Amino acid sequence: MPRDDMATLIQRIARQARRTFRRGGAGSGSPEAAFPENLQRLQQLLSQLRAEDLNIRPRRAAPPAPAPPHLPPVTYMHICETADFSLGVFLLKSGTSIPLHDHPGMHGVLKVLYGTLRISCLDPLPPGAEPPPPPPRPGPRAAPRRALLRSRDEYTAASAPCLLSPQRDNLHQIDAVDGPAAFLDVLAPPYDPAAGRDCHYYRLLEPASPPAARARAHGHGHGHGPRAGPGPSAPPPPPPPPLPREVWLQETPQAADFWCEGEPYPGPQVTA
């Protein structure tokens, strides 16, 4: 086996991921005491990674035309997987998203390889005294749950890795902005429904507009009817509430317009 300084960067990342996320002794399932230092080293290695290190050529935006219905919006290149972590690349077409989803009991590190991603990160919150909002559609559904919408930031290949843990930023949505994008994804441990680590999808329930705002939007309120002729333009909508802020989430099935298919990984061979 080659010395660590002779290995490819992606091989060194895989080895560091193995060191970082190996489980504690006696089947405790907790990371080792050196976890913070190992995680920092993993982030340092990931910060150096570029698309060309994996022989991945940035893709161009497709011409403005409806995509064929049989083509997936997102594809995945599998690199390696162990019982403790998985390593792979997600590729998003222009204008597509990985919907809001969770990572039960999992850590994750995401590094953009090309393009721009908008990542919205949320934390689950315990139930509170405030009653949940009514579901958006009738029918049997899980009760809405409280969450903290912590951040909504854009990441590029020049950005530091994006982190998630079981306690912080564990739910996120990933949107490709202004063109195709790709990112390396490290998850620890991997999804495993049999071990209670299934992926759940959610819909963000934004609060309804105040009655006065709805009335103004429809040309009513304050004793006035709709405008009969040209007049001053309506004021711009108010900016979104600042972050972080509490929101409600509704668990949903996987969206019909989202699915992911595999494609070959063209980069250096990796052994975990």
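Since the model is a prediction, treat every value here as computed from it, not as a measurement. Throughout this document, residue positions are counted from 1 along each chain, in the order its sequence is written. Totals for whole chains, interfaces and linings use every residue, but because this is a predicted model, local features are given only for residues with pLDDT of at least 70 and side-chain atom pairs only at 80 or more, for both listing and counting. Each side-chain value is worked out from all heavy atoms of the structure, with water and hydrogens disregarded.

Enquirer: Describe the side chain of Asp123, listing the residues and the values that go with them.
Expert: Helix numbering and strand numbering both begin at the N terminus, where a helix is a DSSP run of H or I of at least 4 residues and a strand a DSSP run of E of at least 2. By the element assignment, Asp123 lies in strand E4 (residues 107-124). Residue classification places Asp123 among the buried residues on the basis of a relative accessible area of 4%. N or O atoms closer than or at 3.5 Å make up a polar contact, with two conditions inside protein: a donor-capable atom paired with an acceptor-capable one, and, for residues adjacent in sequence, both atoms drawn from side chains. There is a polar contact of 2.4 Å between the side chain of Asp123 and the backbone nitrogen of Asp169. What Asp123 contacts, discounting residues up to four positions off in sequence, is Ala147, Leu148, Arg150, Gln167, Arg168, Asp169, Asn170 and Leu171. Categorising residues by exposure relies on relative accessible area from a 1.4 Å probe, with only protein chains included: less than 20% of the type maximum marks a residue as buried, more than 50% marks it as exposed, and the intermediate range marks it as partly exposed. Contacts are residue-level and defined by heavy atoms, with any inter-residue pair within 4.5 Å sufficient.

Enquirer: I'd like a rundown of the nonpolar core, residues and numbers included.
Expert: Here the nonpolar core consists of buried residues drawn from Ala, Val, Leu, Ile, Met, Phe, Trp, Tyr and Cys, with membership extended through side-chain atoms lying within 4.5 Å. Judged by nonpolar contacts, the single largest core of 31 residues is most densely connected at Phe21, Leu87 and Val89. Residue assignment for this core shows that the elements contributing at least two residues are helix H1 (9-21), helix H2 (35-48), strand E1 (74-81), strand E2 (86-92), E4 and strand E7 (171-188). With six residues, the single largest contributor to this core is H1. Residue contacts for Leu87: discarding those within four places in its chain leaves Ile10, Ile13, Ala14, Tyr76, His78, Ile79, Cys80, Leu184, Asp185 and Val186. In this structure, Leu92, Ile174, Ala176 and Ala181 belong to the second largest nonpolar core, which totals 18 residues.

Enquirer: Account for the pattern of salt bridges, with residues named and values stated.
Expert: Take a side-chain nitrogen of Lys or Arg and a carboxyl oxygen of Asp or Glu: if they are within 4 Å of each other, that pair is a salt bridge. All told, the structure shown has five salt bridges when counted by the stated rule. Between Glu154 and Arg118 there is a salt bridge, and its shortest N-O distance comes to 3.5 Å. Pair noted here: Glu154 is in strand E5 (residues 145-155) and Arg118 is in strand E4, with a separation of 36 residues, a long-range link. Owing to a relative accessible area of 48%, Glu154 belongs among the partly exposed residues under this scheme. Its relative accessible area of 29% is what places Arg118 among the partly exposed residues. In this structure, Arg150 and Asp169 form a salt bridge, with 3.5 Å as the shortest nitrogen-oxygen distance. With Arg150 in strand E5 and Asp169 in the loop between strand E6 (162-164) and E7, the pair connects residues that are 19 residues apart, well separated along the chain. Residue Arg150 is classed as partly exposed on the basis of its relative accessible area, which comes to 22%. Within the structure, one salt-bridge network assembled from shared partners comprises Asp123, Arg150 and Asp169.

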